[in-house]
Amino acid sequence: MVRIDVPHREVTIKLVYYGPALSGKTTNLQALHRHLGARAGSDLVTLDTENDRTLFFDLLPIHFQAGSGTKISLKLFTVPGQVFHRATRKIVLQGVDGVAFVADSRVSETRNNNESWLDLKSNLKENGLSMSKVARVVQFNKRDLPSVRTDEEIATIAERGNEPVVSATATEGVGVVETFMALCQATWRSLQRRYEIEHKTAISGRTFMEAIAETVRTPYVPEVMDP
Amino acid sequence: MTHSFSDRVPTLDKLIRGEDLKRCFRPFAGTGLRAIMAFYVDGGLFAGVTDDGPSEAWEHLPPEALLAERDGNARFFVGDEEFQRYHLYAGAERVGTLIFGRVHETETEVADMLVEGIVQMVGTLLQSGFATWVTSELHRTASEESYRALEVQNLELSRAVAHLRELDQMKSNFLATVSHELRTPLTSVIGFTDMLLKEIAGPLNEEQRDYAATILERGEDLYALITQILDLSRIEVGELPLDIELLEIGAVVQRAVRSVALLAERAQIELRIESSPVRRVRGDAVRLHQVLVNLLSNAIKFQATPGVIRVQVSEAPRQRPCAESFFGIEADDAVRIAVTDEGPGLTQEQCSRVFDAFYQVDASSTRSHGGAGLGLSIVSKLVHAHGGDVWAESELGRGATFSFTVPLAEVVEGSPSADLDF
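These lines cover the structure that appears in this document, whether it is placed above or below. Remember, it's a predicted structure, so these values are computed and weren't measured experimentally. (Residues numbered from 1 in each chain as written. Chains lettered and ligands numbered in written order. Predicted model: local features only at pLDDT ≥ 70, side-chain atom pairs only at ≥ 80, totals over all residues.)

Residue and element names in this part refer to chain B. Most of strand β10 (residues 334–341) sits out of view: 7 of its 8 residues are buried. Examined bridge by bridge, strand β9 (residues 307–316) and β10 share 7 bridges and lie antiparallel to one another. When the bridges of β10 are listed, V311 appears paired with V339. Note that β10 and strand β12 (residues 400–407) share 8 bridges and pair antiparallel. Bridge assignment links V335 to a residue of β12, and that residue is V406. (Buried ≥ 20, exposed ≤ 12 C-beta atoms within 10 Å, placed from the backbone. Helix = DSSP H or I, 4+ residues; strand = E, 2+ residues; numbered from the N terminus. Pairing = 2+ DSSP bridges.)

Take the interface of chain A and chain B next. Across the contact, 14 residues belong to chain A and 10 residues belong to chain B. Listing elements by their share of the side of chain A that touches chain B, those giving two or more residues are α3 (110–126) and α4 (151–160) of chain A. If you tally residues by element for the side of chain A that touches chain B, the top one is α3 of chain A, at 7 residues. For the side of chain A that touches chain B, a count of residues per class yields 5 nonpolar, 4 polar and 5 charged. (Contact = placed C-beta atoms within 7 Å. Nonpolar A, V, L, I, M, F, W, Y, C, P; charged D, E, K, R; others polar.)

Turning next to the sheet that holds β12 of chain B. Residue and element names in this part refer to chain B. Spatial ordering of the open sheet is given by β7-β9-β10-β12-β11, a layout of 5 strands whose pairing is mixed. A single partner strand is all that each edge strand has here, and the edge strands are β7 (269–275) and β11 (390–394). Going across the sheet, the axis of each strand differs from the next one's by a mean of 20 degrees, ignoring polarity. Most of the contacts of helix α7 (residues 285–302) go to β10, to which it runs at about 20 degrees, and overall it touches β7, β9, β10 and β12. (Axes fitted to C-alpha atoms, helices over the stretch in contact; angles between N-to-C directions.)

Turning to the sheet that holds strand β3 (residues 75–78) of chain B, a few remarks are in order. All names here are of chain B. The sheet built from 5 strands is open, its strands ordered β2-β1-β5-β4-β3 with antiparallel pairing. Strands at the two margins of the open sheet, each flanked by one partner only, are β2 (45–50) and β3. Between one strand axis and the next, the sheet turns through 25 degrees on average, direction left out of account. Examined bridge by bridge, strand β4 (residues 81–90) and strand β5 (residues 93–102) share 9 bridges and lie antiparallel to one another. When the bridges of β5 are listed, Y89 appears paired with R94. Packing against the sheet, helix α2 (residues 18–25) makes contact with β1 (33–40) and β2, and its axis sits at approximately 25 degrees to β2. Against the sheet, helix α4 (residues 108–197) engages β1, β4 and β5, with an angle of about 25 degrees to β4.

Helix length check: helix α5 (residues 176–195) of chain A, at 20 residues, gives a terminal C-alpha distance of 28 Å against a target of 28 Å (1.5 Å per residue), a fit within 8%. Of the residues trailing α5 of chain A, E196 of chain A is marked for its positive phi of about 50 degrees. (Expected span 1.5 Å × (residues − 1).)

All names here are of chain A. Direction vectors running N to C along helix α2 (residues 86–93) and α3 enclose 60 degrees, while the axes themselves pass 9 Å from each other. In this view, α2 runs oblique relative to α3, as classed from their interaxial angle. In terms of crossing hand, the pair formed by α2 and α3 is right-handed. Judged by residue contacts, R86, R89, K90 and L93 of α2 engage D119, N123, L124 and E126 from α3. Broken down by class, the residue content of the contact of α2 with α3 amounts to 2 nonpolar, 1 polar and 5 charged. (Parallel < 35°, antiparallel > 145°, perpendicular 65-115°, else oblique. Left-handed = near helix turned anticlockwise from the far one by under 90°.)

Residue and element names in this part refer to chain B. The buried fraction of β12 is high, at 7 of 8 residues. Relative to β12, β11 runs antiparallel, the two sharing 5 bridges. Paired with E393 across the two strands is T401, which belongs to β12. The hairpin formed by β11 and β12 contains 5 residues between the paired strands, and G397 there has a positive phi angle of roughly 80 degrees.

A cis geometry characterises the amide bond from T305 of chain B onward to P306 of chain B, with omega recorded as -10 degrees. Its location among the elements puts P306 of chain B in the loop between α7 and β9. In this structure, L22 of chain A takes a positive phi of about 60 degrees despite not being glycine. Position of L22 of chain A among the secondary structure elements: in the loop between β2 (10–18) and α1 (25–36). Judged by local crowding, L22 of chain A falls into the partly exposed class, with 16 C-beta atoms found within 10 Å. Of note in the backbone geometry, Q268 of chain B takes a positive phi value of approximately 60 degrees without being a glycine. Positionally, Q268 of chain B belongs in the loop between α6 (249–266) and β7.

See below:
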């Protein structure tokens, strides 16, 4: 859960990259870490294991300042996607503020995406949260592979839900920053709805997003991101 | 016996990173100290910063330092250069030596204070590193012990599993043999009873005919049961290969429906096939026929009469439906055949267990409907051997639908790894 330390002017937000096994969650964080370079302010902590599969989680802390000097810390986690690591996923999800769901675009992975989405719902519920309380962004990753869902199909799926949907090829860094920004945007809005964070921190959504945009050196276009 | 972790002494590199120590030393270099160097207990260099002077080339503690150590001197000279040495401790153990190169011109008092400060700082760093090391060693030792205990348990379990597998194999072999041996004399019983009924051996009176008919009927029931046991045991020992060919599943369905038509008619049940155009599958026509006849006979058994049993044939995903469809529907890579009755239905738990061998929904159903609880287990094994899936959907009081899938021929051909043999 977001931590707002008014005396020290610090805000800490927890974001989790969720999704089925091998959908590219760690790759997203690695690409984002590469893109940020020294600006992340810390290293990517990867507790990975044999075969390069995530066993516990990865953590990418990002620190920056927004408004008149409030320190913002974003803690980006990944979860292990393999089915049998359900307990770890549940623990990592505790107190989450925003979830980026990294789906595999291949048609053959539809089942795994659906099952992981179901798993996310049930883990949130077991943590006393729900889909409606947590900000969500869906990324359709691996757009460069053959036999993937078409852009039209993705548009249909996007219309079905309330989540912003981003297409990506994380191995090439495509769509990674966009997903991150969409996640920050959705999370800030959700925190405003739930905790009136703008009032408590005196940081407007626009100021927050501009600080993010500066950190990731990507232009922030309010009319597109903030309709 | 392994030493307890408390007997082990950590080396310097386990307590602090050389790079970090070097970073701590660097600001003090040139402030009256020409060299600040940490050495392992065995004398090898661990980390250090050094100006010019003899210490620049040191990879090990110099002999002069060792002599000073032996004589109990804190200071020693190498050429004209004066050096000072301190022991480094972690917990109660000596883990290394700290050497300072002194610059003569510097005020002695200031240099002494710097040396004292650095010694204190390094000592504190090493003690906190030691606390971390002890904690992690403690966890590691505990994990190793648990791991060893688990290994022992695993070994016992794998022995037990191997033994059970062997017993299971023996059971299946025994069943296969016994079933076969049982069937042979039973064939004679059925055959001769049939001859009696056809009055080949002379006319029968009504009572004799009645008795013979009962013998024939019960004999055929027993024959069917033994055949099921034989099938199951053959599947379990891998002796029932599939005869895979390209199939029009519609023809298999129609033949199966014809096979049970008489049974349905007697029970005043209508069998209705609802088929949409489907592509061809790869499968064993005889075994798929067996699957269908089994599902249909079950449906007829439980169907309220008079009534309708529907058989639906359509293309569908190979796996049973998922409760979530946010990311779209799975591609149709199989043909699905669903048999729906209007019987009493099943609970969720019954739906998930109904394919287990010898499982009966309840004991009373065995009495009223017969059967040994093997049919659906055979169905499940045959369907999975084809690479398909089988499941039941139902609600109490609302009938039941038993569905199975058989992968499309083009899907099977597209994946060379698909294993269709038992």
